[in-house]
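The primary structure of each chain is shown beneath.
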Amino acid sequence: MDHFLYRDGILHAENVPLPAIARDVGTPVYVYSAATLLRHFRLFDEALSWGPHLVCYAVKAASNVAILKLLGDAGAGMDVVSEGEYRRARAAGVPGDRIVFSGVGKTEAEMRHVLAHGVRQINLESEPEMRLLSRVATEMGVTVPVTVRVNPDVDAKTHEKIATGRSDNKFGIPIARAREVYAEIAKLAGLRVVGIDVHIGSQLTDLEPFRQAYRKVADLTGILRADGHPIERLDLGGGLGIPYARSNLAPPVPSEYGQVIREEVGHLGCEIEIEPGRLIAGNAGILMTSTIYMKEGEGRDFLIVDAAMNDLIRPAMYGAHHDIVPIVETAPGTDRRPYDIVGPVCESGDTFAKGRDMAPLGAGDLIAMRSAGAYGAVMASEYNSRPLVPEVLVQGDRYAVIRARPTLDEMISRDTIPQWLSEA
Ligand SMILES: *Cc1c(COP(=O)(O)O)cnc(C)c1O
């Protein structure tokens, strides 16, 4: 469920008619619903209410500081994968002891920053990383809580680019080597084992891979405890999928996911951490765009819109589906025809949808790409020298620009010409 609904034939974000935002901010623009973001966070929080837990929002899904502030104020922790994301979370007022630092390639500088400013735990992904963190922590005179991300070798049955829990992925250490690795950590100064971490992929629409992975983590908990390691926390990652097409069967909901967690690891007495990103932000955001031209091609019609693959790369990168709807609701009985909906970028991959049935649209008409809140704005670029897409947050009947569209001059003035080229 989200808060993008038609009222009197106009698509609204909560109580705000989207054409008002288009007039004010222009298009393309991302629009987020605060009520939807909060609702999704609370569903996860409630799903784990049977025991001690912390829902750490995966910042990479949608990392605007305003979104982090909204969720952080509601009690969310944060899962970050870079110093930049860590700084965003802190700028949003999230305390260090609610921030988990994940990622396969943390640098020494990043470690130093989070150790100096406070972190709940660092999820380690390799032996060289453990040794480096041990040295850094020792030099800084601190002891850092750590988990090891284990790779459980389960097939998440998702898109190959977002599967992370198979033995041929770059993530974590093979679960079969976990005992050795924990034994080494126990000997390293500056590190304090607090638990185990696992994350098997994104956009999972079946609970079975989660169940398999969590069962392996439960077994490992017993083994590591017997070896004398204090396993008090289980970080179970993110990855629960969302319904991108309204016509499809809905994936499992957070309460069912919470039940699987309870069944597989609930008896261990551990504090549970989860790191959902997509499910919190995905359906909480749309990308609003205007049509520029309607172009009749050979046997197909193109709707050329002012958003492009640089603003929303998911269709080009993952072949992802987004529902696309007109902001002014189509009257019942209107004839529809198939359109290829494409952006202006000079690549054939700049196609949002093929053969999508829509009522005829004219230049300047507004449309929304739904379910664009996660891995949308955060993956935007300036390809084709298109300024970074702006973001707007709606809450009730208020809205605010939370990231302004840079002017073309601002974009260009970041480039500098070397002295030797300016010499006449
Ligand atoms: C990407 C990622 C997440 C979030 O995944 P979603 O599918 O957005 O829920 C959580 N944890 C880690 C370590 C990740 O890399």
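Residues numbered from 1 in each chain as written. Predicted model: local features only at pLDDT ≥ 70, side-chain atom pairs only at ≥ 80, totals over all residues. Heavy atoms only, no water.

Rules: UniProt positions are given in the numbering used here, feature names are shortened, and annotations may be inferred rather than shown by experiment.
Under an unreviewed UniProt entry, the name given to the protein is Diaminopimelate decarboxylase, and the organism recorded is Jannaschia rubra. A UniProt comment under Cofactor (unreviewed entry) is attached to the protein, and it reads "pyridoxal 5'-phosphate".

Describing the site of the ligand
Applicable threshold: Put simply, a residue is near a molecule or strand once any heavy atom of it comes within 4 Å of that molecule or strand. What qualifies as a polar contact is a pair of N or O atoms within 3.5 Å, subject to a donor-acceptor requirement within protein and to the restriction that residues adjacent in sequence count only when both atoms come from side chains. Accessibility throughout is a Shrake-Rupley quantity obtained with a 1.4 Å probe, and a residue counts as covered only by protein chains that appear here. Gly is placed with the polar residues, together with every amino acid not listed as nonpolar (Ala, Val, Leu, Ile, Met, Phe, Trp, Tyr, Cys and Pro) or charged (Asp, Glu, Lys and Arg).
Contacts to the ligand come from 13 residues, most closely from K60, S202, E275, R278 and Y375. The separation between an oxygen atom of the ligand and a polar side-chain atom of S202 is 2.3 Å. A distance of 2.9 Å is found between an oxygen atom of the ligand and a backbone nitrogen or oxygen belonging to G277. The fraction of the free accessible surface of the ligand (390 Å²) that becomes covered by protein chains is 93%. Considering only residue class, the shell around the ligand consists of 3 nonpolar, 5 polar and 5 charged.

Side note on the domain arrangement of the protein
Put simply, the test is: Segment limits for the domains were obtained from an automatic or database-derived domain assignment. By convention, the term buried area covers the 1.4 Å-probe accessible surface removed from two parts as they join, with the contributions of both added. When a carboxyl oxygen of Asp or Glu is within 4 Å of a side-chain nitrogen of Lys or Arg, the pair counts as a salt bridge. Segments assigned H or I by DSSP are reported as helices when at least four residues long, segments assigned E as strands when at least two residues long, and all are numbered from the N terminus.
Segmenting the protein into domains produces domain 1 (4-31 + 282-413) and domain 2 (63-276). Summarising the inter-unit geometry, the C-alpha centres of domain 1 and domain 2 are found 33 Å apart. For the pairing of domain 1 and domain 2, the buried interface totals around 1300 Å² over both sides, and the portion due to carbon and sulfur atoms is 53%. The interface formed by domain 1 and domain 2 contains 0 salt bridges. The set of elements that each furnish at least two residues to the side of domain 1 that touches domain 2 consists of α11 (314-318), β20 (391-395) and β21 (398-403). Here the residues of the side of domain 1 that touches domain 2 are counted per class, giving 6 nonpolar, 6 polar and 5 charged.

With respect to the pattern of salt bridges
Rule in force here: Under the scheme applied here, a residue whose accessible area is under 20% of the maximum for its type counts as buried, over 50% as exposed, and between as partly exposed, the area being computed with a 1.4 Å probe on protein chains only.
Scanning all chains against the criterion turns up 25 salt bridges. Of the charged contacts, one joins R300 and D340 as a salt bridge, the two residues approaching to 2.7 Å between their closest N and O atoms. Note that R300 is positioned in the loop between β14 (285-296) and β15 (301-305) and D340 in strand β17 (residues 337-342), a separation of 40 residues in sequence. By relative accessible area, R300 is classed as partly exposed at 38%. Salt bridges sharing common partners tie together E208, R211, R215, E263 and E264.

Things to note about a nonpolar patch on the surface
We count it as follows: Like-charged residues within 9 Å of one another, or nonpolar side chains (Val, Leu, Ile, Met, Phe, Trp, Tyr) within 5 Å, are grouped into patches, provided each residue has over 30% relative accessible area and no salt bridge.
Taken together, the side chains of I417, W420 and L421 define a hydrophobic patch exposed on the protein surface, amounting to about 420 Å² of accessible area. Here L421 lies in helix α13 (residues 419-422). A relative accessible area of 57% places L421 in the exposed class.

Details of the UniProt feature "binding site: pyridoxal 5'-phosphate" (unreviewed entry) in the protein
Put simply, the rule reads: By definition, residues are in contact when any of their heavy atoms lie within 4.5 Å.
With numbering aligned to this structure, UniProt lists the feature "binding site: pyridoxal 5'-phosphate" (unreviewed entry) at G239, E275, P276, G277, R278 and Y375. Tracing the sequence through the fold places P276 in the loop between β13 (271-274) and α10 (278-281). Contacts of P276, omitting those with residues within four sequence positions, involve F44, V55, C56, Y57, A58, G237 and G238. With respect to the element layout, G277 can be found in the loop between β13 and α10. The buried category is assigned to G277, whose relative accessible area is 5%. When residues no more than four places from it in sequence are discounted, the contact partners of G277 are Y57, A58 and A61.

With respect to the sheet that holds strand β1 (residues 4-7)
For the record, the criterion: Following DSSP output, two strands are said to pair if at least two bridges run between them.
Taken in spatial order, the 3 strands of this open sheet run β1-β2-β3, and their pairing is antiparallel. Pairing within the sheet leaves two strands with one partner each, and these edge strands are β1 and β3 (16-17).

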